[in-house]
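Tertiary structure, described
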Amino acid sequence: MQALRNVDDSLWSPTKEGLQVGIDLTVWHHLDPARVVQMHQKIGPDFEEKIIRPAVRSVIRLVISEYAVMDVYSAKRAMIQEEINEKIKHLVEPDGFIIDEVVLRDVRFSDDFSKAIEAKQIAQQSAEQMKYVLEKEQSEAERRGIEAQGRPKGIETIYEGLRQNPNYIRYLYV
């Protein structure tokens, strides 16, 4: 059994919109035991630098460029990882490399894009807070309206009670 090897790589790649995203990934692989001698003779001992790393970088740039930046970061990340895995396998397995797994470890935005996302989040939170304040003010206005409508009725009730029992005011006075 051939020992598993890994290639860790980190690169920036453009997305469908042309925005740059940083990709960190690991490719777990091993050599086809039946072809090890032939591969060392043909490629040499630095096969990872000559074959694996260039193939990985090429596939990542190809795949990432087909997706929107937010898909790469969240919604379709697992699907993208699987697509990268399949395309790398297709590219290097004919040369005697067996790809066991590709792990998309991290996706990073450029500083400008990160700042834009942060500004958008802050704006959304401000909008939500303003909505809350407006709803609170609307509720308070409705409460004051109900209170204003109730005052004349209260005064009318007190007046009617005093009209029916005029001695009550004398009693309160004493």
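So, here is what we can say about the structure in this document. (Residues numbered from 1 in each chain as written. Predicted model: local features only at pLDDT ≥ 70, side-chain atom pairs only at ≥ 80, totals over all residues. Heavy atoms only, no water.)

Let's talk about the overall build of the chain
Inclusion rule: Helix and strand definitions follow DSSP, with helices as H or I runs of at least four residues and strands as E runs of at least two, each counted in order from the N terminus. Taken over C-alpha atoms, the radius of gyration is set against a globule rule of 2.2 Å times the number of residues to the power 0.38. Partly exposed describes any residue whose relative accessible area lies between the buried limit of under 20% and the exposed limit of over 50%, with all areas from a 1.4 Å probe on protein chains only and scaled to the type maximum. Every residue pair with non-hydrogen atoms within 4.5 Å of one another is taken to be in contact. For this count, His and the chain ends are skipped, Lys and Arg are scored as positive, and Asp and Glu as negative. By convention, the charge on Lys lies at NZ, on Arg at CZ, on Asp at CG and on Glu at CD.
A tally of regular secondary structure across the chain gives six helices and three strands. Reading the helices (α) and strands (β) of the chain from amino to carboxyl end gives β-β-α-α-α-α-β-α-α. Its C-alpha atoms give the chain a radius of gyration of 36 Å, more than 25% over the compact-globule value 16 Å for 174 residues. Across its three principal axes, the chain shows a C-alpha extent of roughly 120 × 35 × 25 Å. Going through the 174 residues of the chain one by one, you find that 27% of them count as buried. Considering only contacts in the chain between residues 6 or more positions apart, those separated by 24 or more positions represent 68%. Side-chain charges in the chain split into 24 positive and 29 negative, and the spacing between the mean points of these groups amounts to 6 Å.

Thoughts on the environment of V56
For V56, the position within the fold is in helix α2 (residues 47-64). Taking the relative accessible area as the measure of exposure, V56 reaches 1% and is therefore buried. Measuring from C-alpha to C-alpha, the distance between V56 and D111 comes to 25 Å, with 55 residues separating the pair along the chain. Apart from residues lying up to four places away in sequence, V56 is in contact with L25, V27 and I88.

Observations concerning a negative patch on the surface
The condition that has to hold: Two joining distances apply to patches: 9 Å for like charges and 5 Å for nonpolar side chains (Val, Leu, Ile, Met, Phe, Trp, Tyr), and every residue must have over 30% relative accessible area and no salt bridge. A 1.4 Å probe and the Shrake-Rupley method give the accessible areas. Residues count as covered only by the protein chains that appear here. Salt bridges, as used here, are contacts in which a Lys or Arg side-chain nitrogen is within 4 Å of a carboxyl oxygen on Asp or Glu.
A cluster of acidic side chains, namely E82, E86, E93, D100 and E101, defines a negative patch on the protein surface. Those elements that provide at least two residues to the negative patch are α4 (77-92) and β3 (97-109). Relative to the helices and strands, D100 resides in strand β3. Overall, D100 belongs to the partly exposed group, its relative accessible area being 35%.

Overview of the packing of aromatic side chains
The relative placement of two aromatic rings is captured by the distance of their centres and the angle of their planes. We count it as follows: Two rings from Phe, Tyr or Trp (for Trp, the six-membered ring) form a pair when their centres sit within 6.5 Å of each other. Planes less than 30 degrees apart are called stacked, planes more than 60 degrees apart edge-to-face, and all others tilted. Placement of a charge over a ring requires the Lys NZ or Arg CZ to be within 6 Å of the ring centre, with the centre-to-atom vector within 35 degrees of the ring normal.
Using the criterion set out here, one finds one aromatic pair in the structure. For the ring pair F47 and F97, a centre distance of 5.5 Å and an interplane angle of 40 degrees mean the geometry is tilted. Here the residue F47 occupies a position in helix α2, and F97 occupies one in strand β3, the gap between them amounting to 50 residues. Note on accessibility: F47 and F97 belong to one class, buried. Positioned above the aromatic ring of W12 is the side chain of R108, whose terminal nitrogen or guanidinium carbon lies 5.3 Å from the ring centre.

In short, shape yes, function no, at least from these values alone.
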